[in-house]
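Descriptive analysis of the structure
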Amino acid sequence: MPKAELHVHHVGSASPRIVAELAARHPDSPVPRDPEALAEYFTFRDFAHFIQVYLTVVDLIRDAEDVRLLTYEIARDMARQNIRYAELTVTPYSSLRRGIPDVAFLEAIEDARLAAERELGVVLRWCFDIPGEVDGPVAAEETARLACDLAPEGLVSFGLGGPEIGVGRPRFKPYFDRAIAAGLHSVPHAGETTGPETIWDALTALRAERIGHGTSAARDPRLLEHLAERRIPLEVCPTSNLATRAVPSLPEHPLAEMVRAGVLVTINTDDPPMFGTDLNTEYGVAAGLLDLDAAGVADLARNAVAASFLDAPGKARLTGEIDTYLAGWRG
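What counts, and at which threshold
Residues numbered from 1 in each chain as written. Predicted model: local features only at pLDDT ≥ 70, side-chain atom pairs only at ≥ 80, totals over all residues. Heavy atoms only, no water. 1 Å grid on protein atoms, 1.4 Å probe; cavity = no way out; pocket = protein on both sides within 12 Å on 5 of 7 lines; lining within 4 Å. Points joined across faces, edges and corners; volume = space filled by probe spheres on them. Helix = DSSP H or I, 4+ residues; strand = E, 2+ residues; numbered from the N terminus. Pairing = 2+ DSSP bridges. Buried < 20%, exposed > 50% of the residue type's maximum accessible area, 1.4 Å probe, protein only. Right-handed = clockwise from strand over helix to strand, strands pointing away. Contact = heavy atoms within 4.5 Å. Axes fitted to C-alpha atoms, helices over the stretch in contact; angles between N-to-C directions.

Per the counting criterion, the structure on display carries three cavities of 30 Å³ or more. Computed from the structure, the largest cavity encloses a volume of approximately 210 Å³. Around the largest cavity, the lining comprises 20 residues; the ones closest to its centre are His9, Ile51, Tyr54, Gly161 and Gly162. Counting residues per element, the ones that place at least two in the lining of the largest cavity are α3 (47-58) and β3 (123-131).

Here we take up the sheet that holds strand β9 (residues 265-267). Taken together, the four strands give an open sheet; going across it, the order is β6-β7-β8-β9, and neighbouring strands pair in parallel fashion. Sheet topology places β6 (189-190) and β9 at the edges, where each strand pairs with a single neighbour. Relative to strand β7 (residues 211-213), β6 runs parallel, the two being bridged by two bridges. If you follow His189 over to β7, its bridge partner there is Gly212.

Turning next to the pairing of strand β4 (residues 155-161). Across the seven residues of β4, seven count as buried, placing the element largely inside the fold. Looking at chain direction, β4 and strand β5 (residues 185-186) are connected through two bridges and run parallel. By the bridge assignment for β5, Phe158 is matched with Ser186. Note on the crossover from β4 through helix α8 (residues 173-181) to β5: the handedness is right-handed.

Each strand in a sheet pairs with its neighbour through backbone hydrogen bonds, running either in the same direction (parallel) or in the opposite one (antiparallel). If you walk across this open sheet you meet the five strands as β1-β2-β3-β4-β5, and the pairing is parallel. Looking at the sheet topology across the chains shown, the edges are occupied by β1 (3-9) and β5. As judged from the five bridges shared by β1 and strand β2 (residues 83-90), these two strands associate in the parallel manner. Residue pairing for β2: Glu5 is matched across the bridge by Ala86. Against the sheet, helix α7 (residues 138-149) makes contact with β3 and β4, and its axis sits at roughly 150 degrees relative to β3, the strand it touches most.

In structure tokens, the structure reads:
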């Protein structure tokens, strides 16, 4: 089925083959060079351990060539799943901190983006996100500078990732205000490992148009009602939530409660190779949790298109592809 994906991280999408290749380039890294050993390496005790491991993979991206290779190969993996459009969450500060010049970084992702669309038929757009795990305002300021002053053509949104505990959403308000004024959409993570109050903060302080994860929204009926009434989408990542212990088990995932409340939910992978999944698998998981037939799965796919920042002609084209696929499947 043709699909769109809205919550998937740049470095977190590196396949075992690419991670192993990068690790071989940089032998001082603790990341295993054997693709089979990566499965054990990517077994997480909790969210804090996930962040720790994630940052070791981030550390493998050390020059513009690494950035370009990673980005294009992500698109290649997406093409294999018939992902036609994706908004990739990119954390440019991590690369700048490694010494990659800002212009070289932007040129690398843009070159890969254009090649992916031309050669693979995959349309990529960027969400530049602030790494919340980095203390102090430098990371936020640098991310806002790249997003607002050097904005690459593919950039559509501004986000906030990393831990939520001890990292309040309101402190990032000035940076989101600046990005919104520059015409970018607001898509922070919230409510993944904290309660509904973090989602409320993202909505009020950061003027969120979509919420990354939003897992804890189901604990607050008033919040669910607000999200449903305002048609504020949630970027739901079921297997990720299980892998990081944000939910204790898949049967206990609140996806069904969100749907029953009328919330616009989209299905995503977050960091697919790290969690041993892909978008096809996540649609299968969602279908099981929601007891969906083929038409119901297609409705989920249309949700992602509707919630995307793709232009109107692009949305109409991709929705038409989904409709055509469903008609053919029924036939």
